[in-house]
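# Fold and contact review
One letter stands for each residue in the lines below.
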Protein chains: 2
Amino acid sequence: MTASLNNIVALLTQQENVTVISHRSPDGDTLGSAVALGLALRQAGKDVDFLCHDQIPQKFHYLFAPAPEWLKRKEDPIAAAKGRFLIAVDVADPKLMGDSLQALSDQIDLCIDHHKMSVEFAKVTYREADSAATGEIIYTLLCQMGTTITPEIAGCIYTAVSTDTGCFKYVNTTPRTLRIAADMVESGAPASDINRWMFDTITRGRLELQKLALETLEYPYDGRCVTMVISREMMKQAGASGEDVEGINGIPRQIDGALVGITIREKKSGGYKISMRSQPPVDSSAICAVFGGGGHVGAAGCTFDEPLECVKEKLVKAVGDYFTAHGIL
Amino acid sequence: MTASLNNIVALLTQQENVTVISHRSPDGDTLGSAVALGLALRQAGKDVDFLCHDQIPQKFHYLFAPAPEWLKRKEDPIAAAKGRFLIAVDVADPKLMGDSLQALSDQIDLCIDHHKMSVEFAKVTYREADSAATGEIIYTLLCQMGTTITPEIAGCIYTAVSTDTGCFKYVNTTPRTLRIAADMVESGAPASDINRWMFDTITRGRLELQKLALETLEYPYDGRCVTMVISREMMKQAGASGEDVEGINGIPRQIDGALVGITIREKKSGGYKISMRSQPPVDSSAICAVFGGGGHVGAAGCTFDEPLECVKEKLVKAVGDYFTAHGIL
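To start, this report covers the structure provided alongside it. (Residues numbered from 1 in each chain as written. Chains lettered and ligands numbered in written order. Predicted model: local features only at pLDDT ≥ 70, side-chain atom pairs only at ≥ 80, totals over all residues. Heavy atoms only, no water.)

### A word on the packing of aromatic side chains
Applicable threshold: Pairs were defined over the aromatic rings of Phe, Tyr and Trp, the Trp ring being its six-membered one, requiring ring centres within 6.5 Å. Orientation was assigned from the angle between planes: stacked under 30 degrees, edge-to-face over 60, tilted for the rest. Helix numbers and strand numbers start at the N terminus; a helix is a DSSP run of H or I with at least 4 residues, a strand a run of E with at least 2. Each residue is placed in one exposure class: buried if its accessible area under a 1.4 Å probe, protein chains only, is under 20% of its type's maximum, exposed if it is over 50%, and partly exposed if it falls in between. The rule for a charge over a ring is simple: NZ of Lys or CZ of Arg within 6 Å of the ring centre, and within 35 degrees of the ring normal.
As enumerated under the stated definition, the model contains 11 aromatic pairs over all chains in all. Both rings, one in A:F291 and one in A:F304, keep their centres 4.8 Å apart while their planes meet at 55 degrees; by these two values the pair is tilted. Of this pair, A:F291 sits in the loop between α12 (284–289) and β9 (294–295) while A:F304 sits in strand β10 (residues 299–304); the two residues are 13 residues apart in sequence, bridging distant segments of the chain. On the basis of relative accessible area, A:F291 is assigned to the partly exposed category, the value being 23%. Counting every residue linked through ring pairs, the aromatic cluster contains A:Y158, A:F168, B:Y158 and B:F168. For B:R204, the ring lying beneath its charged end belongs to A:Y219, and the centroid distance is 3.7 Å.

### A word on helix α1 (residues 5–13) of chain B
Residues and elements named next belong to chain B. Cut-off, in case you're wondering: It is the directions from the helix axis to the C-beta atoms that the arc portrays. Whether two residues are in contact is decided by their heavy atoms, any of which lying within 4.5 Å being enough.
Among the residues of α1, those classed as buried are L5, I8, V9 and L12. The buried side chains of α1 occupy one side of the element, clustering within an arc of 100 degrees when seen end-on. Along its buried surface, α1 packs onto α2 (28–43), β3 (85–89), β4 (110–113), β5 (124–127) and α4 (134–145).

### A closer look at the relation of the copies chain B and chain A
Rule in force here: The atoms used to superpose the copies are C-alpha atoms, taken from residues with pLDDT of at least 70 in both, and the fit is least squares.
At an RMSD of 1.1 Å, chain B and chain A line up after a rotation of 180 degrees and a shift of 0.2 Å along the axis. Seen this way, the second copy is the image of the first under a two-fold rotation axis.

### Some thoughts on the pairing of strand β10 (residues 299–304) of chain B
All names here are of chain B. To keep it simple, the criterion reads: By definition, two strands form a pair when at least two bridges between them are found by DSSP.
Direction of pairing for strand β8 (residues 272–278) relative to β10: antiparallel, over a ladder of six bridges. Across the sheet, the residue bridging to M276 is A300, located in β10. Pairing analysis gives two bridges linking strand β9 (residues 294–295) to β10, with the strands arranged antiparallel. In the strand pairing of β10, G294 is matched with G301. Here β9 folds back onto β10 in antiparallel fashion, the turn holding three residues.

### Overview of the side chain of B:S275
Assignment of secondary structure puts B:S275 in strand β8. Once residues within four sequence positions are removed from consideration, B:S275 is found in contact with B:N249, B:G261, B:I262, B:T263 and B:A300.

### Describing the pattern of salt bridges
Which entries qualify depends on this criterion: Salt bridge criterion: a side-chain nitrogen from Lys or Arg within 4 Å of a carboxyl oxygen from Asp or Glu.
Evaluated as defined, the whole model comprises 40 salt bridges over all chains. Notably, a salt bridge pairs B:D183 with A:R179, separated by 2.7 Å at the nearest N-O pair. Here B:D183, found in helix α6 (residues 175–186), pairs with A:R179, found in helix α6 (residues 175–186), and the two come from separate chains. On the basis of relative accessible area, B:D183 is assigned to the partly exposed category, the value being 24%. Among the residues examined, A:R179 registers a relative accessible area of 26% and is labelled partly exposed. B:D200 serves as the salt-bridge partner of A:R253, at 3.0 Å between the closest nitrogen and oxygen. With A:R253 in helix α11 (residues 251–254) and B:D200 in the loop between α7 (191–199) and α8 (204–214), this residue pair bridges two chains. Overall, B:D200 belongs to the buried group, its relative accessible area being 6%. Taken together, the shared-partner salt bridges connect A:D113, A:E120 and A:R127 into one network.

### Here's the deal with the interface of chain B and chain A
Which entries qualify depends on this criterion: Put simply, buried area is how much 1.4 Å-probe accessible surface two parts lose in total, over both of them, once they are put together. Identification of polar contacts relies on pairs of N or O atoms within 3.5 Å, with a donor-acceptor requirement for protein atoms, meaning one able to donate a hydrogen and the other able to accept it, and with residues adjacent in sequence counted only if both atoms are side-chain atoms.
Contacts between chain B and chain A engage 38 residues on the former and 38 residues on the latter. With both chains or domains summed, chain B and chain A bury close to 3,700 Å², and 56% of this area falls on carbon and sulfur atoms. Looking only at chain B, the three residues that lose the most surface to chain A are B:K169, B:D200 and B:R204, adding up to 16% of its buried area. Between chain B and chain A we count 18 residue pairs in polar contact (both at pLDDT 80 or more) in total. Among the elements of the structure, α6, α7, α8 and α11 (251–254) of chain B are those that each provide at least two residues to the side of chain B that touches chain A. Among the elements that line the side of chain B that touches chain A, the one with the most residues is α6(B), at eight residues.

### Some details on the nonpolar core
Spelled out, the test is: We define a nonpolar core as any set of buried Ala, Val, Leu, Ile, Met, Phe, Trp, Tyr and Cys residues linked to one another through side-chain atoms lying within 4.5 Å.
With 112 residues, the main nonpolar core has A:L37, A:I87, B:L37 and B:I87 as its most contacted residues. Ignoring sequence-local partners within four residues, the contact set of B:L37 consists of B:L12, B:V20, B:I87, B:V89, B:I112, B:I138, B:L141 and B:L142.

### A short note on unusual backbone geometry
For the bond running from A:P280 to A:P281, omega is 5 degrees, close enough to zero to count as cis. Along the polypeptide, A:P281 turns up in the loop between β8 (272–278) and α12. The backbone phi angle of A:D90 is positive, close to 65 degrees, even though this residue is not glycine. Relative to the helices and strands, A:D90 resides in the loop between β3 (85–89) and β4 (110–113). Although it is not a glycine, B:D222 adopts a positive phi angle of roughly 55 degrees. One can find B:D222 in the loop between α8 and β6 (225–230). Judged by its relative accessible area of 69%, B:D222 is exposed.

### A short note on the sheet that holds strand β7 (residues 260–266) of chain A
Residues and elements named next belong to chain A. The condition that has to hold: As a rule, the C-alpha atoms of each element are fitted with a line to give its axis, helices using only the stretch in contact, and angles between N-to-C directions run from 0 to 180 degrees.
Spatially, five strands are ordered β6-β7-β8-β10-β9 in an open sheet, and the strand pairing comes out mixed. The two strands at the open ends of the sheet, each matched to only one other strand, are β6 (225–230) and β9. Along the sheet face, helix α13 (residues 308–325) touches β6, β7, β8 and β10 and points at about 160 degrees away from the line of β7.

Without other data, these values stay purely geometric and don't point to any function.
Following this line, the structure appears as C-alpha cells:
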C-alpha cells in the first residue's frame, strides 16, 4: 500500500518502539536519512534502534555522534527487530537489506524511498521518485512531524542530499535539493566539514588504486566509451577498500568526450561487477538491462561470471549497439 | 566612493554605452558575472561591450552564446573603451585587469566585487566581502534592476556561484549561495551541463599529467604534509595545459591526514611556483609569507628561483616550523 505523507506522520505517531533500517553497503543517503529519522523519532519520545547488514564505514561515524549505540552491530538482528515497528529507509528492494536481514523482508512496516526502479515489499510504502535523495523526503516528513531540526539532524539530512547528488553536481539535483541544503546549513549542519570528509579526502589506498587503474583505461569508439578495470590483485597491491573503489569508479565517464564510462571490478567471489555511468543522451540502465542489470539513466550496474576479456567484449558491443540504435555512431 | 545597491541601479540607468571588464586569467565568477550583467544591461536597452586581457578559454565559451561578439579580442582595447561607462567585475585590484588594460585602471567608473583583500581604484565601488561570489551580488543587482532572468543569464549566474564555491563544496558557501543556485536552476540554467563541463570533465592531458605527478608524492611529518612536483618535462610528456595543472594541484591536500598540501610546479621561465593548500588549523598564507608569498588561509602561494631539492627542503622546513610553533608536531 502506498500512503501520503500525512498518513505516514499519523502512522509514526502511534508507534512506541521503532527500528530504522539502512541498505547494505550503506551510503550517505541511506545512513543520513535513517539517522535523521531515528533522531526525530527519539525526539518525539519513541524508543529507537538502528539496523544495517554491514559495518558502518568510519567516514560515516560522525552521523551517529548523538546515538553511538546505533553503530554497534547486533549479534542477532532478527531477534533485535522482533515486535518493533520496522522502517526501511532508501531501500528499493528487500534484497538490498542484505543477507543478515533477509528474514525481515516481509515484516517491514514502512518503506521510505526515492528510487524509480523498485520492488514493493513493505506493508506501507512512501516513495517520491522525483526526489534526488531519500533525505529530501525525510526532511519534508520531519517538518510535518514538527521535529526541531538540530545541527545533528541537519548534518544527517545535509549528508543525505549532498552525497546522493555528488555535492549538488549530478543531474538529479533540483531547486528543492538546493533549498533543503540551504535550510540545513542555516540549521547548523557543519557543511564544509562534511564536504571535506565526503568529497575532498582521498585515502592512500584510493590513490594507489587510482594509479594502477588509470593504466587499464581503454577508449573504444573514439573515446565515446571509456573502460577501466579494477582487479583483486590491484586492490591487494594498493591496500584499497570497497570505498576506495567508489571514489574512482566515476573516472571513466569524466574523461573528456566519454558518453559512457564503465568500471569493471573483479568480485571477491569471482566474476565481475560493472558500474556504468553515462551522460545524455545515453541511458546506462538500458545498456545494463541487456545483461539483467539496472539502475538510473546516468548510473547503472550489472554483473558477469565470465572471463575479463569476454566481459569487456560484451559490454563494448552492447554500448556500440546502443550507439548505433540511437544514431550516436 | 562606496555606494548602495540602489545607487548602483540609479547610476546604471543613466548610462547608454557600457563596457564590462573581467579580470585576467578569467574564471567562472568574473566571466559569469560580467556576461550576466552585460546581458541585463543589453536587455535594458544599453549598448554593451566586454573586455578581458586574456583570450577566453574554450570551456567558458558557452557563457557568451547570446553575445558571441564579446568573445572577439579588441586590437586596441583602450580605444574601444573610450567614452564608455566602464564596469570592472570581480576585480579586487586594478593590476588584475592585466597589462593590456592597465591604462584604464584610473578610468573605471564602477567596480563590483566580493574580495576581502582589495584595492580601491574605481570611481564607485560596490563590494560585499561576505558573498561567496561576485555572481551573488550581480543576481541581487539584476533583481533590483527588474531584469528578466533568462535561461542564459541564469546559466551565467549559476556558473559564477558554482565555480567560486567548488560546486557548493567550499567553506565560503552560504545558504544564500545555495538559494541563488536554486533560483537559477528554476530560471532554466542548464546546471547539470554546466557542472559536467566545469567539474566533471577530465582532459586526457590532465589524466596523463596526474599519472606522472602521483609518482612524485612525498609524505613528510607522517603525511601531515604532502608534496607533489609538476615539472616542465612532465607537462610536455602529458601534453598538459595550465588548466590541467589547476585540476590536479588540489590533490596533495586531499590526501587523508594531510593538513598541508604543496604542489611545486616548474615555471616556463625557470624556478618554481608553489601552490599551497591547507585545512584547519593550518594557515597556508602564513607559511607562504615566509617566502614573500601570500593568499588565503586555505590556499596560498609563493615562488622560488632555486633548484628543486632546495625548494622542497625549505618548504618542508617552513611547514615543520609552523607545525612546531602551533603545537601540531
